[in-house]
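Given next are the chains, with one letter for each unit.
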Amino acid sequence: MSTLAPLRLLREPSNASEGNQSNATVGAGGGWCQGVDIPNELFLALGLLSLVENLLVVAAILKNRNLHSPTYYFICCLAVSDMLVSISNLAEMLFMLLLEHGVLVMRPSIVRHMDSVIDMLICSSVVSSLSFLGVIAVDRYITIFYALRYHSIMTLQRAVVTMASVWLASTVSSTVLITYYHSNTILLCLISFFLFMLVLMLVLYIHMFALARHHLHSISSQQTPPAAHRGGSLKGAVTLTILLGVFFICWGPFFFNLILIVTCPTNPFCTCFFSYFNLFLILIICNSVIDPLIYAFRSQELRRTLREVVTCSW
């Protein structure tokens, strides 16, 4: 078994029998319906890389008092969410390897209980990651369009309440998801949540992108446009494009898989798409690797603190 425990529960529709899936796969087109064989080593390598990256982000933010602000607290929470994905992935892989090689012998009931715990942990991290991506988008929007009122709008108390609410909602929703994962209603709620986050980020980032473009146009219309301002506007526009692109590429296939589970569980072409589930999980783990690069490491202050953390210059 080479998938993450959690999302393995959502890999195939519960109302499609094994025989129907096998026949559909053969009828839909042979070779390309066989899916992609993802080695456990790749899951482990990406999990370790993500764990190290996000651990450095958390350590740097905790170390540097200049980074103790709502914006960086949200980035820290995103890093913790991504760390949970990595830790759960590594724990599950180690757990499966020990069972397969007979090193660890446990009763089936205990194995199922352990599997449910890992399921809840990763589902919680998935929901919290999506939530904090949306929170960061809102925070950046307020920073740009309400710069003079930012500190009165996004107070430390409101940031703490926001973070606590996200973690609580993620824990409750993951428990419900694992308990009723065979229900299409639960899947529809998860899909709706993803679509809401996608639309939210799309609207906010397009508005910010439009502002950057307008700013760039205003500067270009001057007789001697400052190169630094022009470069900054372009950099901001490119960053927003990258954020949306990475979000859609990494999360889109998995949630499209859930949509197909609800809408066409026995269709041959949908069954072919299900066979690539491991690849969709790899994309989610890759998102945990990429997040620090686009949300955290772009900060000069954070990069300086990271160098101090790595070199133990405390």
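Residues numbered from 1 in each chain as written. Predicted model: local features only at pLDDT ≥ 70, side-chain atom pairs only at ≥ 80, totals over all residues. Heavy atoms only, no water.

Asks: Break down the overall build of the protein for me, citing the residues and quoting the values.
Replies: Helices and strands together make up the secondary structure of the protein, namely twelve helices and zero strands. From first element to last, N terminus to C terminus, the protein shows the α and β order α-α-α-α-α-α-α-α-α-α-α-α. Sequence separation of at least 24 residues holds for 82% of the intrachain contacts in the protein that already meet a minimum separation of 6. For the protein, the exposed surface amounts to about 15,800 Å²; the carbon and sulfur share of it is 68%. (Helix = DSSP H or I, 4+ residues; strand = E, 2+ residues; numbered from the N terminus. Contact = heavy atoms within 4.5 Å. Areas by Shrake-Rupley, 256 points an atom, 1.4 Å probe, with all protein chains shown as cover.)

Asks: Please give an account of the UniProt feature "transmembrane region" (unreviewed entry) in the protein that cites residues and values.
Replies: Here the UniProt feature "transmembrane region" (unreviewed entry) sits at residues 42–62, 74–97, 117–138, 159–179, 185–206, 237–261 and 273–297. For residues 42–62, the end-to-end C-alpha separation is 30 Å, with 100% helix and 0% strand making up the annotated structure. Taken end to end, residues 185–206 is 100% helix and 0% strand, and its first and last C-alpha atoms sit 31 Å apart. (UniProt positions renumbered as here; feature names shortened; annotations may be inferred.)

Asks: Explain a nonpolar patch on the surface to me, and be specific about the residues and the numbers.
Replies: A surface patch of nonpolar side chains, amounting to about 380 Å² of accessible area, comprises Leu-168, Val-172, Val-176 and Tyr-180. Tracing the chain through its elements places Val-172 in helix H7 (residues 156–179). (Patch = residues over 30% accessible without salt bridge, like charges linked within 9 Å, V, L, I, M, F, W, Y side chains within 5 Å. Salt bridge = Lys/Arg side-chain N within 4 Å of Asp/Glu carboxyl O.)

Asks: Go over the nonpolar core, please, and point to the residues and values.
Replies: Phe-247, Trp-251 and Tyr-295 are the most contacted members of the largest nonpolar core, which totals 79 residues. Ranked by residue count, the leading element in this core is helix H5 (residues 108–145), at 13 residues. Sequence-distant contacts of Phe-247, that is, excluding residues within four places in its chain, are made with Leu-130, Leu-133, Phe-194, Met-197, Leu-198, Met-201 and Gly-252. (Core = buried A, V, L, I, M, F, W, Y, C linked by side-chain atoms within 4.5 Å. Buried < 20%, exposed > 50% of the residue type's maximum accessible area, 1.4 Å probe, protein only.)

Asks: Which residues make up the state of the cysteines, and what values do they have?
Replies: Such a bond, covalent and formed between the sulfur atoms of two cysteines, is termed a disulfide. One pass over the structure, following the stated rule, counts one disulfide. Two residues, Cys-264 and Cys-270, share a disulfide whose sulfurs are 1.8 Å apart. Taking the sign of the S-S torsion, about -85 degrees here, the bridge from Cys-264 to Cys-270 comes out left-handed. In this structure Cys-270 comes out as buried when scored by relative accessible area, which is 7%. Cys-77 takes part in no disulfide bond, and the closest cysteine sulfur, belonging to Cys-76, lies 5.9 Å away. (Disulfide = S-S within 2.5 Å.)

Asks: Before we move on, could you go through the packing of aromatic side chains and cite the residues and values that matter?
Replies: In this structure the tally under the stated criterion is nine aromatic pairs. Ring plane angle 80 degrees and centroid distance 5.0 Å describe the contact between Phe-254 and Phe-255, whose orientation is recorded as edge-to-face. Given a relative accessible area of 1%, Phe-254 falls into the buried group. Take Phe-255: its relative accessible area is 0%, and that puts it in the buried class. Every member of this aromatic cluster is reached through a ring pair, and the members are Phe-194, Phe-247, Trp-251, Phe-254, Phe-255 and Phe-277. (Phe/Tyr/Trp six-rings, centres within 6.5 Å; stacked < 30°, edge-to-face > 60°.)

Asks: Can you break down H7 residue by residue, with the values?
Replies: Under the 1.5 Å per step criterion, the end-to-end length of H7 is 35 Å for 24 residues, consistent within 8% with the ideal 34 Å. Along H7, the positions that sit buried rather than exposed are Ala-159, Met-163, Val-166, Ser-170, Ser-174, Leu-177 and Ile-178. (Expected span 1.5 Å × (residues − 1).)

Asks: Lay out helix H3 (residues 40–63) in plain terms, naming residues and giving numbers.
Replies: Its 24 residues place the ends of H3 34 Å apart at the C-alpha level, agreeing with the 34 Å of an ideal helix rising 1.5 Å per residue. Within H3, burial applies to Asn-40, Phe-43, Leu-46, Gly-47, Ser-50, Leu-51, Glu-53, Asn-54, Val-57, Val-58, Ala-60 and Ile-61. Tucked into the core, H3 has its buried residues touching helix H4 (70–100), helix H11 (277–296) and helix H12 (300–310).

Asks: Give a description of the pattern of salt bridges that names residues and reports values.
Replies: Under the defined criterion, the tally for this structure stands at three salt bridges. A salt bridge links Glu-301 to Arg-304; the nearest nitrogen and oxygen atoms lie 2.8 Å apart. Of this pair, Glu-301 and Arg-304 both sit in helix H12, separated by three residues, roughly a single helical turn. Judged by relative accessible area, Glu-301 falls into the partly exposed class, the value being 25%. The salt bridge involving Arg-304 is made with Glu-308; its shortest N-O contact spans 2.7 Å. Residue Arg-304 and its partner Glu-308 are both found in helix H12; the two are separated by four residues, about one turn of the helix. Three or more residues are tied together by salt bridges with common partners; here these are Lys-63, Glu-301, Arg-304 and Glu-308.

Asks: If you had to explain the confidence of the model for the protein to someone new, which residues and values would you point to?
Replies: Summarising the model, the protein shows a mean pLDDT of 77, and 80% of its residues fall at 70 or more. Here residues 1–9 scores under 50 on pLDDT; set against residues more than four positions off or in separate chains, the count is 41 contacts. Considering only residues more than four positions removed or in separate chains, one finds that residues 16–29, a stretch of pLDDT under 50, has 17 contacts. (pLDDT = per-residue confidence, 0-100.)

Asks: Account for the packing of H3 against H11, with residues named and values stated.
Replies: One can describe the packing of H3 onto H11 by two numbers: an axis separation of 10 Å at closest approach and a directional angle of 25 degrees. In terms of axis orientation, H3 runs roughly parallel to H11. Crossing geometry of H3 relative to H11 is assigned as left-handed. Touching Leu-42, Phe-43, Leu-46, Gly-47, Leu-49, Ser-50, Glu-53, Asn-54 and Val-57 of H3 are Asn-278, Leu-281, Ile-282, Ile-285, Cys-286, Ser-288, Val-289, Pro-292, Leu-293 and Ala-296, all from H11. Split by residue class, the contact of H3 with H11 holds 13 nonpolar, five polar and one charged. (Axes fitted to C-alpha atoms, helices over the stretch in contact; angles between N-to-C directions. Parallel < 35°, antiparallel > 145°, perpendicular 65-115°, else oblique. Left-handed = near helix turned anticlockwise from the far one by under 90°. Nonpolar A, V, L, I, M, F, W, Y, C, P; charged D, E, K, R; others polar.)

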